[in-house]
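An overview of the molecular structure
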Amino acid sequence: VDTTLDFVFDSGTTYVPIELQRVVLWAVPPELPYREILSFLTDIIPKTSGKEQRIACRKNPRQFFEWAFKLEEGVEWARQENALFDWNGRIFGVPMWHESTNLTVAASASATTINVGSTANADYRIGGLVLLFTDQYTFDVAIIAAAGISSTTLTFETGILNSYPVGTYVMPLRTGVIDGANTRNNKYPVNLGVMQTRFRVL
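What comes next concerns the included structure.

Rules of the game
- Residues numbered from 1 in each chain as written.
- Predicted model: local features only at pLDDT ≥ 70, side-chain atom pairs only at ≥ 80, totals over all residues.
- Heavy atoms only, no water.
- Core = buried A, V, L, I, M, F, W, Y, C linked by side-chain atoms within 4.5 Å.
- Buried < 20%, exposed > 50% of the residue type's maximum accessible area, 1.4 Å probe, protein only.
- Helix = DSSP H or I, 4+ residues; strand = E, 2+ residues; numbered from the N terminus.
- Contact = heavy atoms within 4.5 Å.
- Salt bridge = Lys/Arg side-chain N within 4 Å of Asp/Glu carboxyl O.
- Polar contact = N/O pair within 3.5 Å; in protein donor to acceptor, adjacent residues only side chain to side chain.
- Phe/Tyr/Trp six-rings, centres within 6.5 Å; stacked < 30°, edge-to-face > 60°.
- Lys NZ or Arg CZ within 6 Å of the ring centre and 35° of its normal.

Membership of the largest hydrophobic core comes to 17 residues, with the highest contact counts inside it found for Trp26, Trp67, Phe69, Phe92 and Phe199. Elements with a contribution of two residues or more to this core: β5 (62–72), α1 (75–87), β6 (92–95) and β14 (192–201). Among all residues touching tryptophan 26, those that are not within four sequence positions of it are Phe69, Gln80, Leu84, Phe92, Gly93, Pro95, Met195, Thr197 and Phe199. Membership of the second largest hydrophobic core comes to 16 residues, among which are Ala111, Val116, Ala122 and Leu154.

Shown next, in the form of structure tokens:
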């Protein structure tokens, strides 16, 4: 949270609840290929003549991503297992790695506008989240400001916290939950494992 809240109170005691939603970044790039699933829900009303009427029951289809992650045994594997143990059932930040681009100009801390190769083939949204990613320990998540998308720039509501060199990954970030008990782990004989996870995008 990086913002300022100013309150002006009348006389007397006032209770002001402040609620925030914490999101844990799933910070491991997936292996290819992956699966993207769109799930529609339609109500079908048949007629005796054989014709039918279809009514959409969802405004938008549900979106799922099925990914496999190769992780080295040790710190990397333990980090993701701990994330699943501590956060399973709650909200993860899910990077759209397949829509990533790169910084074309270095971005300094507190910058609100960044320059990227192109925004054309990525689903950036006004008010949506963007991830600037170096590694699991150095990254920023920012909210796209109104009119904050051009062909080669992104403008955020607040400044970023870290500085990033040219070539840093930039991509849309979705929020999602792990879909049921859909995480499966397989270990290689030596020092490597595969974690397969399905996320349902919120």
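A word on unusual backbone geometry. Residue proline 33 follows leucine 32 across a cis peptide bond; omega there is 0 degrees. One non-glycine residue, serine 110, adopts positive backbone phi at about 80 degrees. Tracing the sequence through the fold places serine 110 in the loop between β7 (101–102) and β8 (113–115). Residue class for serine 110 comes out exposed when judged on its relative accessible area of 56%. Its identity is not glycine, yet alanine 147 carries a phi of approximately 55 degrees, on the positive side.

Glancing now at the environment of lysine 59. Looking at where lysine 59 falls in the secondary structure, it is placed in the loop between β4 (52–56) and β5. The class for lysine 59 is exposed, based on a relative accessible area of 82%. Along the sequence, lysine 59 and leucine 41 sit 18 residues apart, while their C-alpha atoms lie 9.2 Å from each other.

On inspection of all chains with the given rule, the structure shows seven salt bridges. Here arginine 198 and glutamate 66 are joined by a salt bridge, their closest N and O atoms 3.0 Å apart. Placement of arginine 198 in strand β14 and of glutamate 66 in strand β5 is noted, with a sequence separation of 132 residues between them. Its relative accessible area of 17% is what places arginine 198 among the buried residues. A salt bridge links aspartate 123 to arginine 174; the nearest nitrogen and oxygen atoms lie 3.1 Å apart. Of this pair, aspartate 123 sits in the loop between β8 and β9 (129–135) while arginine 174 sits in strand β12 (residues 169–178); the two residues are 51 residues apart in sequence, bridging distant segments of the chain. You can call arginine 174 buried: its relative accessible area is 8%. Salt bridges sharing common partners tie together Arg35, Glu66, Asp179 and Arg198.

Tracing the sequence through the fold places threonine 119 in the loop between β8 and β9. Here the side chain of threonine 119 touches serine 150 through a polar contact of 2.6 Å, landing on its backbone oxygen. Excluding its chain neighbours within four sequence positions, the residues that come into contact with threonine 119 are Tyr124, Ile149, Ser150, Ser151, Thr152, Thr153 and Leu154.

Turning to the packing of aromatic side chains, a few remarks are in order. Tallied over the full model, the rule gives ten aromatic pairs. Among the aromatic residues, those joined into a cluster by ring pairs are Trp26, Tyr34, Phe65, Trp67, Phe69, Phe92 and Phe199. We note arginine 198 situated over the ring of phenylalanine 64; from NZ or CZ to the ring centre the distance is 4.4 Å.

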